[in-house]
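This is what each chain is made of:
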Amino acid sequence: MSFTIIDQARARLNRSELAVPGSNPKFLEKAAAGTADVVFLDLEDAVAPNDKEQARKNVIAALNDLDWSGKAVSVRINGLDTHYMYRDVVDVIEQAGAKLDMIMIPKVGTAADVYALDMMVTQIEAAMGFQKKIGFELIIETALGMANIHEIAAASPRNESLHFGVADYAASTKARTTNIGGPNADYGVLTDAVDGGSRDFHWGDMWHYAIARMVVAARANGLRPVDGPFGDIGDLDGYGAQGMRAAVLGCEGKWAIHPTQIDKANELFSPSEAEITKAKRIIEAMDQAQKEGKGAVTLDGRLIDIASIKQAEVVVKKAEIIASK
Ligand code: GLV
Ligand code: MG
């Protein structure tokens with residue numbers, strides 16, 4: 001282990017994160033009653049410019065009047081390059097900050113963006129006498145944000161999670177797709193015709209690098225990595241496959257941009273009974289091995305060692321947090 005110990009962000013279940021447009025009070029009501037682990041009330045890209053002021057009022061009313069127990073609630077503010085942002089922060093935190101767990105900062109480009117927000121939020125919290133510190137969710141969705149991701153992840157003790165905003169990221173990097181997430185028929189490998197055999201085209205995952213890089217930056221700073229939206233809301237299998245790829249790489253959860261995606265995300269990012277049983281068996285086998293003075297043993301024909309205990313503990317701990325919800 002390094003001599004540098006990584007402080008972990010405040011622990012929260014973040015398997016599903018529902019996006020709800022602040023312009024629609026009915027959707028806000030439904031979100032409060034739903035099963036998402038985290039809900040973010042959107043003031044940014046799901047809200048048209050003419051609706052921004054009303055959406056802000058709706059969000060403040062929803063935070064104060066609805067029952068958000070059993071879930072964490074966040075507000076996605078407008079970008080730092082807009083004139084809506086300062087009022088989003090001031091009005092929402094002054095008028096409903098006691099009800100707010102986090103704010104979500106879109107299109108973060110540099111550590112200084114996070115620093116600026118930290119300064120504003122700190123002042124408002126102090127002026128209002130709030131004891132609870134509001135956390136930050138940061139969307140990595142520009143080339144600049146991805147280039148500066150490690151500094152961004154380390155920029156504030158309020159930081160809780162990094163999110164991969166695939167739609168804006170595609171636009172920012174000028175990727176050749178108009179889909180929101182998911183695979184791309186043009187991104188693949190054509191195999192060679194070995195010994196005169198046939199050639200096959202294997203689809204690849206064009207988002208692999210971005211998600212893997214976000215996972216590393218998040219984990220190296222004790223934050224939760226969360227996969228962003230999947231636009232084809234009619235394709236729950238496609239959503240599941242994308243979510244599972246993210247889960248396998250280490251993400252804690254995925255956005256739901258429609259309520260039908262919530263339960264799928266909760267299922268994908270919860271360890272299965274078989275995974276929990278296997279993890280417990282690994283811990284037991286390693287307990288026994290250590291009593292016998294061994295560093296490694298075989299279980300079901302596979303080598304396990306001290307690193308396996310840590311992997312297994314991740315699974316068991318996650319299962320305990322879910323069970324206590
Ligand atoms: C989310 O905000 C995205 O751009 O995908
Ligand atoms: Mg975006």
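Residues numbered from 1 in each chain as written. Chains lettered and ligands numbered in written order. Predicted model: local features only at pLDDT ≥ 70, side-chain atom pairs only at ≥ 80, totals over all residues. Heavy atoms only, no water.

Draft legend 1. Main features of the coordination of the magnesium ion (ligand 2). In the first shell of the magnesium ion (ligand 2), the protein supplies E141 (OE) and D168 (OD), at 2.0 to 2.1 Å from the metal. On the criterion of sequence distance, the pair formed by E141 in the loop between β5 (135-140) and α5 (143-147) and D168 in helix α7 (residues 166-173) is long-range, its members being 27 residues apart. For E141, a relative accessible area of 2% gives the class buried. (Donors = N, O, S within 2.8 Å, 3.2 Å for Na, K, Ca; no water. Helix = DSSP H or I, 4+ residues; strand = E, 2+ residues; numbered from the N terminus. Buried < 20%, exposed > 50% of the residue type's maximum accessible area, 1.4 Å probe, protein only.)

Draft legend 2. Inspection of the site of ligand 1 at higher detail. Around ligand 1, a shell composed of R76, E141, G165, V166, A167, D168, P229 and W255 is seen. A distance of 3.1 Å is found between an oxygen atom of ligand 1 and a backbone nitrogen or oxygen belonging to V166. Between ligand 1 and D168 there is a distance of 2.9 Å, counted from an oxygen atom to a backbone nitrogen or oxygen. Within the complex, the protein chains bury 92% of what would otherwise be the 190 Å² of accessible surface of ligand 1. Cavity membership is defined here by more than half of the atoms lying within 2 Å of grid points; on that basis ligand 1 lies in the second largest pocket. Element by element, the count of residues in the shell around ligand 1 is highest for α7, at 3 residues. Partitioning the shell around ligand 1 into residue classes produces 4 nonpolar, 1 polar and 3 charged. (Near = heavy atom within 4 Å. Polar contact = N/O pair within 3.5 Å; in protein donor to acceptor, adjacent residues only side chain to side chain. Areas by Shrake-Rupley, 256 points an atom, 1.4 Å probe, with all protein chains shown as cover. 1 Å grid on protein atoms, 1.4 Å probe; cavity = no way out; pocket = protein on both sides within 12 Å on 5 of 7 lines; lining within 4 Å. Sits in = over half its atoms within 2 Å of the grid points. Nonpolar A, V, L, I, M, F, W, Y, C, P; charged D, E, K, R; others polar.)

Draft legend 3. Region of interest: the sheet that holds strand β2 (residues 38-42). A barrel is described by the order of its strands in space; here 8 strands give the closed sequence β1-β2-β3-β4-β5-β6-β9-β10, paired in parallel fashion. Strand-to-strand twist of the sheet, defined as the mean angle between neighbouring strand axes without regard to direction, takes the value 25 degrees. Pairing of β5 with strand β6 (residues 159-164) involves 5 bridges; the strand directions are parallel. When the sheet's bridge partners are listed, L138 is paired in β6 with L162. Each of β9 (224-227) and β10 (253-256) touches helix α9 (residues 236-249); the most contacted strand, β10, lies at about 150 degrees to it. (Pairing = 2+ DSSP bridges. Axes fitted to C-alpha atoms, helices over the stretch in contact; angles between N-to-C directions. Contact = heavy atoms within 4.5 Å.)

Draft legend 4. Summary view of the domain arrangement of the chain. Under the domain assignment used here, the chain contains domain 1 (16-270) and domain 2 (274-324). Put simply, the middle of domain 1 and the middle of domain 2, counted by C-alpha atoms, are 32 Å apart. (Domains from an automatic or database assignment.)

Draft legend 5. Structural detail: the pairing of strand β4 (residues 102-105). Alternating positions in β4 separate into two faces, M102 and M104 on one and I103 and I105 on the other, with burial throughout. Looking at chain direction, strand β3 (residues 72-76) and β4 are connected through 3 bridges and run parallel. Pairing of V75 across the sheet is with I103, part of β4. Between the parallel elements β3 and β4, the chain passes through helix α3 (residues 85-96) in a crossover that is right-handed. Pairing of β4 with β5 involves 4 bridges; the strand directions are parallel. Bridge assignment links M102 to a residue of β5, and that residue is G135. Taking the sense of rotation as the criterion, the β-α-β connection linking β4, helix α4 (residues 111-128) and β5 turns out right-handed. (Right-handed = clockwise from strand over helix to strand, strands pointing away.)

Draft legend 6. A look at α3. Here α3 spans 16 Å end to end across 12 residues, near enough to the 16 Å set by a 1.5 Å rise per residue. Where α3 is concerned, the buried positions are M85, D88, V89, D91, V92, I93 and A96. (Expected span 1.5 Å × (residues − 1).)

Draft legend 7. Structural context of the nonpolar core. Membership of the largest hydrophobic core comes to 66 residues, with the highest contact counts inside it found for L41, L63, V89, L162 and F164. With 6 residues, helix α8 (residues 208-220) is the single largest residue contributor to this core. Those residues within four positions of F164 in sequence are excluded, and the remaining contacts are I140, M146, Y169, W207, A210, I211, M214, V226, D227, G228 and P229. Counting residues in each nonpolar core, the second largest holds 11 residues, with A289, V297, I309 and A312 among its members. (Core = buried A, V, L, I, M, F, W, Y, C linked by side-chain atoms within 4.5 Å.)

Draft legend 8. Main features of unusual backbone geometry. In the Ramachandran plot, K174 falls in the positive-phi region, its phi being about 60 degrees despite a non-glycine side chain. Looking at K174, the relative accessible area reads 71%, which means it is exposed. Positive phi, close to 50 degrees, is recorded for D195, a residue that is not glycine. Relative to the helices and strands, D195 is located in the loop between β7 (188-190) and β8 (201-203). In this structure D195 comes out as exposed when scored by relative accessible area, which is 80%.

Draft legend 9. Fine view of the packing of aromatic side chains. This structure, assessed with the given rule, holds 4 aromatic pairs. Relative to Y169, the ring of F164 has its centre 5.1 Å away and its plane inclined at 70 degrees; by these criteria the two rings are edge-to-face. Like Y169, F164 is buried. An aromatic cluster of three or more residues is present, and its members are F164, Y169 and W207. (Phe/Tyr/Trp six-rings, centres within 6.5 Å; stacked < 30°, edge-to-face > 60°.)

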